[in-house]
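Geometric and topological summary
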Amino acid sequence: MNILHISDLHFGPRHWDGDNQLLLKKLNEYAADIVINTGDSTTDGLEDEYAEAGRFLSALKCKNVISCIGNHDKRNMRSHELFRKYIYNSETICLPETAITTKKHLFLNRKITKVNENFTDVNFIRSILIKEQTILVISIDSNELYSDDGYVEREILTAVSMEIEKTKYDKMLLMTHYSILGTDECPLKNSACLIDFVQKHNIKYVFCGHTHELELMRTNDLYHGHSFYHFMCGTLSSGNHDNDDNMFLYFENFGSDNMHLYLIRMFPEPDKIHFKEEKVF
Ligand SMILES: [Fe+2]
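Everything in this summary refers to the structure shown in the same document. Keep in mind that this is a model prediction, so the values were computed, not measured.

**What about the coordination of the iron ion?**
The iron ion binds to the protein through D40 (OD), N71 (OD1), H177 (NE2) and H210 (ND1), with metal-donor distances spanning 2.1 to 2.3 Å. If you list the donors of the iron ion from N- to C-terminus, the spacing comes out as D-x30-N-x105-H-x32-H. Taken together, the positions of D40 in the loop between strand 2 (34–37) and helix 2 (47–58) and N71 in the loop between strand 3 (65–67) and helix 3 (79–87) put the pair 31 residues apart, joining distant regions of the chain. Each member of the pair, D40 as well as N71, is classed as buried.

This is the structure we're talking about:
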């Protein structure tokens, strides 16, 4: 099984100057069974940005393109609807309005907004069969509506745990926009509960984005004896931060003893993109 990891496409004002058709051509050269897109597909969560991002993602040849929502995607009351309309339409795990929750704006006021779906989080589980192995992809919404700080709702993690316990699988991956180990200036404020979740379900692989920087880690919890890989990919196609690193990751024979990771850095030039591929392990 091979995985392509992309993140932070940022369609809208923060999008790069690179040629997206050349980028798509390159991405489609990789024999990916799953594409994992770890959020911020848009810059301001606007409908035209969502539509452009959706067109780009649907031009990927891989039939299992899975995206999670990022903080930039979640900047308006229709974010969750637009995400499902243009980026990824999955059955989401919701909570009843009677649930006691701590995440801000998790439910919109129905009387004021008149929205059909007033639950603003996008959490889902996707089961994919690849070469007789069932891969369970867990997507946790680590964003709070209107905020650039990350936050995870504990009640959601409990609901997702119950779904996982009902499901049979061979390998499990977690995707989330914010790093669960990160310490940047807009971090996931309550990352400890997501680390507990990873440990509880013995999740070995976590994919994230958000900082536009590369960080490849393997943890080793000496007390609980648990270890997981934490792959944070830089931005695929954003270009307005000094520290923006345009890149993507490709995992060959994912999860096997023969797993290899390739880092592909990109340098846009007039009429072309210079790609620099490096084998990490
Ligand atoms: Fe972000």
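Still more ground to cover, so stick around.
**Considerations on the environment of C186**
Note that C186 resides in the loop between strand 6 (171–176) and helix 6 (191–200). For the pair C186 and V160, spaced 26 residues apart in sequence, the C-alpha separation works out to 25 Å. If near-sequence neighbours (up to four positions away) are discounted, C186 is found in contact with D148, D149, Y178 and H210.

**Concerning helix 3**
Here helix 3 has its buried residues at S79, H80, L82, F83, R84 and I87. Against the buried residues of helix 3 lie helix 2 and strand 3.

**Quick notes on the layout of surface pockets**
When its volume is computed, the largest pocket comes out at roughly 260 Å³. What lines the largest pocket is a set of 15 residues, among which D184, E185, H210, T211 and H241 lie closest to the centre. Its residues assigned to classes, the lining of the largest pocket shows 1 nonpolar, 8 polar and 6 charged.

Calculation criteria
- Residues numbered from 1 in each chain as written.
- Predicted model: local features only at pLDDT ≥ 70, side-chain atom pairs only at ≥ 80, totals over all residues.
- Heavy atoms only, no water.
- Donors = N, O, S within 2.8 Å, 3.2 Å for Na, K, Ca; no water.
- Helix = DSSP H or I, 4+ residues; strand = E, 2+ residues; numbered from the N terminus.
- Buried < 20%, exposed > 50% of the residue type's maximum accessible area, 1.4 Å probe, protein only.
- Contact = heavy atoms within 4.5 Å.
- 1 Å grid on protein atoms, 1.4 Å probe; cavity = no way out; pocket = protein on both sides within 12 Å on 5 of 7 lines; lining within 4 Å.
- Points joined across faces, edges and corners; volume = space filled by probe spheres on them.
- Nonpolar A, V, L, I, M, F, W, Y, C, P; charged D, E, K, R; others polar.

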